[in-house]
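Overview (structure and organization)
So you can see what is in the structure, the chains are spelled out below.
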Amino acid sequence: MKKSLFALLLGGLTIGITEFVIMGLLPDIAADLKVSIPKAGYLISAYALGVVIGAPILVIAGRNLPPKKMLLILALMLAVFNALSIFAPNYNILLASRLLSGLPHGAFFGVGAVVASKLADKGKEAQSIAIMFSGLTIANVVGVPLGTYIGQHFSWRYTFVIIAAIGLITFLALLLWMPHMEANRDNRIKHQLKFFGKLNSWLIILLTAIGFGGLFSWISYIAPLLTNISGFAAENIPYIMILAGLGMVAGNFLGGRLADRFSPAPTAFALLLAMTGVLLTVYFGSANQYLSLTLVFLTGCISFALIAPIQILMIKTAKDAEMIASATLQAGFNIGNALGAFLGGLPLAAGFSYASPNLVGAAMATAGIIIILILMSRTKNEVPVQATC
């Protein structure tokens, strides 16, 4: 692995722990700050809001900067804003720090994806992007469980000490190992915003929010599914979630290899088809524990295999506006997070079983198939454009 790509991986690791560790720490934070757990849950929403706000704004604000300098600023923001959470004296300050922590998320992945594609050997652009996003998957396997353990057994503030430290290490790695690249010469705001006037751009964003959102109909309610349908003991759920994380790690690299070999759009189509099938199998087959464990790995694998193909598809679609397009895509992923969790919860609220959110997820993946087919029909005669910084 190139050192420059490893630096981007560290950034993905920082972001992954920041985003997901809070879910396991909510009871501890709520007790410490004397708020209810539902109110503490707004800390998750605040982060997602920060991602949606920060992704396009920060990329536009830094459009005149060389990519390395932009990444250094974003890594420093990750370290500093997570450090604010360490010292938050009350709930409102912590809520604000979570919002601020989300701001660099989309911009870092957006700029980093374009940089990774430029650092790649010819024909391996998607695999290089997958390396950066592997930090996100590794966070789910190692960082989040470790951060949750530290937060539960010592103090949740120590978890944020670790996150801030990894953010600082990311900054140093980028400083030492990331090569200099020239900024985009045509960086006028009007030119950059032309990206939003293209139907294909919105189709990819819609594909991300709806098709990939099917993942979150599954994972948002995976704990009650495993305990009430599959019959696992509650204390075994953290270990099963590690299995899901391993599937995400494998899927992330698989998606990169497939996208480089077969091109991103057909790869995304095939993976969405597979996602529909596996979510339907989860619905019908989770009562069998052995099958349920297999499906946990496969669902994580197939879902995260979609990331690199969709990312490279967006980069190739957004000529001369790759960074803002890629950053906006991260906002789309977070919209998918919220949409999948919300829609998946509707059948539960109506009294259906804990397996029912997977039918919603399958429907969302099917909608993604329709969107990618429309996109493929519109672009079949277009020549792919290489990303530029």
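Residues numbered from 1 in each chain as written. Predicted model: local features only at pLDDT ≥ 70, side-chain atom pairs only at ≥ 80, totals over all residues. Heavy atoms only, no water.

Regarding the overall build of the protein chain
Here is the rule: Helix and strand assignments come from DSSP, with helices taken as H or I runs of at least 4 residues and strands as E runs of at least 2, each series counted from the N terminus. Here the radius of gyration uses the C-alpha set of atoms, whereas the globule reference equals 2.2 Å times the residue count to the power 0.38. For each residue, the accessible area found with a 1.4 Å probe, counting protein chains only, is set against the maximum for its type, and the residue is called buried under 20%, exposed over 50%, and partly exposed in between. Residues are treated as being in contact if the distance between any of their heavy atoms lies within 4.5 Å. Surface exposure here means Shrake-Rupley accessible area, sampled with a 1.4 Å probe, where a residue is shielded only by the protein chains that are shown.
The helix and strand tally for the protein chain stands at 17 helices and zero strands. For 389 residues, the compact-globule estimate of 2.2 N^0.38 gives 21 Å, and the C-alpha radius of gyration of the protein chain, at 20 Å, lies within 12% of that figure. Reported as C-alpha extents along the three principal axes, the dimensions of the protein chain are approximately 55 × 50 × 35 Å. Taken across its 389 residues, the protein chain has 56% of its residues classed as buried. Of the contacts made within the protein chain by residues no fewer than 6 positions apart, 84% connect residues no fewer than 24 positions apart. Just so you have it, the protein chain exposes about 15,900 Å², and 69% of that area is on carbon and sulfur atoms.

Points about the nonpolar core
The following threshold applies: Definition of nonpolar core: a set of buried residues of the types Ala, Val, Leu, Ile, Met, Phe, Trp, Tyr and Cys, connected through side-chain atoms within 4.5 Å.
Ranked by size, the top nonpolar core spans 117 residues in total, and within it L8, L174 and W218 carry the most contacts. Of the residues forming this core, the biggest block, 16 residues, is contributed by helix α1 (residues 3-33). The residues touching L8, leaving out its near neighbours within four places in the chain, are L71, F108, G112, V115, A116, M132, L174 and M178.

Considerations on the pattern of salt bridges
For clarity, the cut-off: We count a salt bridge whenever a side-chain nitrogen from Lys or Arg sits within 4 Å of a carboxyl oxygen from Asp or Glu.
The final tally for this structure, using the stated rule, is two salt bridges. Close ionic contact of D121 with K2 constitutes a salt bridge, the shortest N to O distance being 3.4 Å. With D121 in the loop between α5 (91-119) and α6 (125-153) and K2 in the segment before α1, this residue pair connects regions lying 119 residues apart in the sequence. For D121, a relative accessible area of 45% translates into the label partly exposed. For K2, a relative accessible area of 35% translates into the label partly exposed. Note that D32 and R157 form a salt bridge whose closest N and O atoms lie 3.7 Å from each other. Placement of D32 in helix α1 and of R157 in helix α7 (residues 156-177) is noted, with a sequence separation of 125 residues between them. Accessibility expressed as a relative area gives 38% for D32, which makes it partly exposed.

Some words on the side chain of S303
The residue S303 is located in helix α14 (residues 289-305) in this model. Excluding anything up to four places from it in sequence, S303 contacts F212, L215 and M275.

As for unusual backbone geometry
Unlike most non-glycine residues, K34 shows phi in positive territory, near 60°. Among the secondary structure elements, K34 is positioned in the loop between α1 and α2 (37-40). The backbone phi angle of S263 is positive, close to 80°, even though this residue is not glycine.

What to know about the packing of helix α3 (residues 42-61) against helix α16 (residues 322-349)
Worth spelling out the cut-off: Axis lines are fitted through C-alpha atoms, for helices just across the contact stretch, and the angle between N-to-C directions can take any value from 0 to 180 degrees. Should an angle fall under 35 degrees it is called roughly parallel, over 145 degrees roughly antiparallel, and 65 to 115 degrees roughly perpendicular, with every other angle called oblique. Polarity classes work like this: nonpolar for Ala, Val, Leu, Ile, Met, Phe, Trp, Tyr, Cys and Pro, charged for Asp, Glu, Lys and Arg, and polar for all others, with Gly in that last group.
As a packed pair, α3 and α16 sit with axes 9 Å apart at the nearest point and diverge in direction by 175°. Taken together, the axis directions place α3 and α16 in an arrangement best described as roughly antiparallel. Residues A48, V51, V52, A55, P56, V59 and I60 of α3 form the contact with α16, whose own contacting residues are M323, I324, A327, T328, Q330, A331, N334 and I335. Taken together, the residues of the contact of α3 with α16 break down into twelve nonpolar, three polar and no charged.

Concerning the packing of aromatic side chains
We apply this condition: Within 6.5 Å between ring centres, the rings of Phe, Tyr and Trp (the latter by its six-membered ring) count as paired, and their orientation is classed by plane angle as stacked under 30 degrees, edge-to-face over 60, tilted in between.
Taken as a whole and judged by the stated rule, the model has eight aromatic pairs. An angle of 90° between the planes, with centres 6.0 Å apart, marks the rings of W156 and F160 as edge-to-face. Of the two residues, W156 and F160 are both situated in helix α7; the distance of four residues between them amounts to about one turn of the helix. Taken as a pair, W156 and F160 share a single burial class, namely buried. Taken together through their ring pairs, the aromatic side chains of F212, F216, F304 and F333 make up a single cluster.

What to know about a nonpolar patch on the surface
To keep things clear, this is the line we draw: Only residues above 30% relative accessible area that lack a salt bridge enter a patch, with like-charged residues linked at up to 9 Å and the nonpolar side chains Val, Leu, Ile, Met, Phe, Trp and Tyr linked at up to 5 Å.
A surface patch of nonpolar side chains, amounting to about 570 Å² of accessible area, comprises F6, L168, L172, L175, L176 and W177. Broken down by element, the nonpolar patch gets its largest block of residues, five residues, from α7. Its location among the elements puts F6 in helix α1.

Quick look at the packing of α1 against α7
Our working rule: Two helices crossing with the near one rotated counterclockwise from the far one by less than a right angle form a left-handed crossing, whereas a clockwise rotation gives a right-handed crossing.
Running from N to C, α1 and α7 cross one another at 165°; their axes reach a closest spacing of 9 Å. For the element pair α1 / α7, the angle class is roughly antiparallel. In terms of crossing hand, the pair formed by α1 and α7 is left-handed. Classifying every residue of the contact of α1 with α7 gives 19 nonpolar, seven polar and four charged.

By themselves, these observations are geometric and do not establish any function.
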